[in-house]
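Residues per chain are reported as follows:
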Amino acid sequence: MLSVLLKIFAVLGIILLVVLGIIIFALMIVLFVPITYRITAQIDKEHKEAAAKVNWLFGIVRLRLNYTDSLTWKMYILWFDLTGKISKKKVQIEKQVPDTKEQTEKQVPEENAQTAKNDDSQASVLERVKEIWAMITHYIEVLKEEDTKDLISHFFGVVGTILKRIRPRKLEADVIFGFGSPDITGKIYGLLCMLYPYYGNDIHITPDFENTVIVGKVFSRGRVHIYVLLWNALRL
């Protein structure tokens, strides 16, 4: 009898270890397999078009975005097209919205009437101004505190790290732009030239000092790791 129980416990232990291993393996895949993206765009005098491809889990999850006259998208998991299912849910939600809008529209006149009566009182206006000024003063004092400065510095440091990790690994562009005013075009071009060390030799920007125009091509690709986003989110 004891040997039978030991065998049962051994089998259960093996099953639990297998399940735990599968869960850990799946979690590792989700965290460390990157989300890859690829973006292309082209603008000329006649039309504008853009496309984006997003893949995750070795292409198991796929998102496709296209823009010409309007934005269209498709989402797939393996060979299943989820676009239609999501669109149907959206339509059902939109059908329920008018009832809410009607109720809101009925309430708005009453609220507006009450607000108008309150605003007619000069005393209430002055009181609100005092409250707003007190609130502004309070937040100015809070921003001057060292703890707040440290918090803001930490926040922007984390955001900067996230942006550095998700920025495109390849970015190419060939753009001609102009605002119809040599003065404004020159200032914008000067600002873009100051940013040259950040975008490098793969981006070519040409100013047109005579015409109002923006034409060109853009290509970008990169990847995002979920563990990077989660880790930095926890640091916040």
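Above this text is the structure in question.
Student: Even after reading the chapter, I still don't get a nonpolar patch on the surface, so can you show me in this structure?
Tutor: On the surface, a cluster of nonpolar side chains totalling about 1,000 Å² of accessible area is made up of Leu-2, Val-4, Leu-5, Leu-6, Ile-8, Phe-9, Val-11, Leu-12, Ile-15, Val-19 and Ile-23. With respect to the element layout, Leu-5 can be found in helix H1 (residues 2-32). Overall, Leu-5 belongs to the partly exposed group, its relative accessible area being 36%.

Student: What is the right way to look at the pattern of salt bridges in this model?
Tutor: Using the criterion set out here, one finds two salt bridges in the structure. Taking the shortest distance from any N to any O, the salt bridge between Glu-172 and Lys-170 comes out at 2.9 Å. Of the residues examined, Glu-172 reaches a relative accessible area of 30% and is grouped as partly exposed. Between Lys-187 and Asp-183 there is a salt bridge; the shortest N-O distance is 3.8 Å. Placement of both Lys-187 and Asp-183 in helix H5 (residues 182-194) is noted, with a separation of four residues, approximately one turn of the helix. Lys-187 sits in the exposed class, given a relative accessible area of 57%.

Student: In this structure, what is going on with the packing of aromatic side chains? I would like to understand it.
Tutor: A ring pair, where both rings are aromatic, is described by two values, the distance of the centres and the angle of the planes. Using the criterion set out here, one finds four aromatic pairs in the structure. Ring centres 4.9 Å apart and planes at 35° place the aromatic pair Phe-32 and Tyr-227 in the tilted group. Of the two residues, Phe-32 sits in helix H1 while Tyr-227 sits in helix H7 (residues 226-235), which places them 195 residues apart along the sequence. Taking relative accessible area as the criterion, Tyr-227 reaches 31% and is therefore assigned partly exposed. Ring geometry for Phe-177 against Phe-179: centres 5.8 Å apart, planes inclined by 70°, an arrangement best described as edge-to-face. What makes Phe-179 partly exposed here is its relative accessible area of 44%.

Student: Just to check I follow, could you spell out the sheet that holds strand S7 (residues 203-207) for this structure?
Tutor: Within a beta sheet, neighbouring strands are joined by backbone hydrogen bonds and run either parallel or antiparallel to one another. Pairing is mixed in the open sheet, where eight strands are placed in the order S5-S4-S3-S2-S1-S8-S6-S7. Single-partner strands in this sheet number two, and they are strand S5 (80-81) and S7. Note that strand S3 (residues 61-67) and strand S4 (residues 71-77) share seven bridges and pair antiparallel. Note on S4: the bridge partner recorded for Leu-65 is Trp-73. Of the strands in this sheet, strand S6 (170-179) and S7 touch H5, which is tilted by about 160° from S6.

Student: Explain the packing of H1 against H7 to me, please; I cannot follow it from the model alone.
Tutor: The description of two packed helices rests on the angle between their axes and on the distance between the axes. Where H1 contacts H7, the axes come no closer than 6 Å and their chain directions differ by 85°. Relative to H7, H1 is oriented roughly perpendicular. Facing Val-30, Leu-31 and Phe-32 of H1, the residues of H7 in contact are Ile-226, Tyr-227 and Leu-230.

Student: I keep staring at the pairing of strand S8 (residues 212-224) and nothing clicks. Help me out?
Tutor: Bridge count between strand S1 (residues 35-43) and S8: nine bridges; the pairing is antiparallel. Across the sheet, the residue bridging to Ala-41 is Val-218, located in S8. Two strands pair when backbone bridges link them, and S6 and S8 are joined in this way by ten bridges, in the antiparallel orientation. Its bridge partner being in S8, Phe-177 is matched across the sheet by Ile-214.

The rules behind each value
Residues numbered from 1 in each chain as written. Predicted model: local features only at pLDDT ≥ 70, side-chain atom pairs only at ≥ 80, totals over all residues. Heavy atoms only, no water. Patch = residues over 30% accessible without salt bridge, like charges linked within 9 Å, V, L, I, M, F, W, Y side chains within 5 Å. Areas by Shrake-Rupley, 256 points an atom, 1.4 Å probe, with all protein chains shown as cover. Salt bridge = Lys/Arg side-chain N within 4 Å of Asp/Glu carboxyl O. Helix = DSSP H or I, 4+ residues; strand = E, 2+ residues; numbered from the N terminus. Buried < 20%, exposed > 50% of the residue type's maximum accessible area, 1.4 Å probe, protein only. Phe/Tyr/Trp six-rings, centres within 6.5 Å; stacked < 30°, edge-to-face > 60°. Pairing = 2+ DSSP bridges. Contact = heavy atoms within 4.5 Å. Axes fitted to C-alpha atoms, helices over the stretch in contact; angles between N-to-C directions. Parallel < 35°, antiparallel > 145°, perpendicular 65-115°, else oblique.

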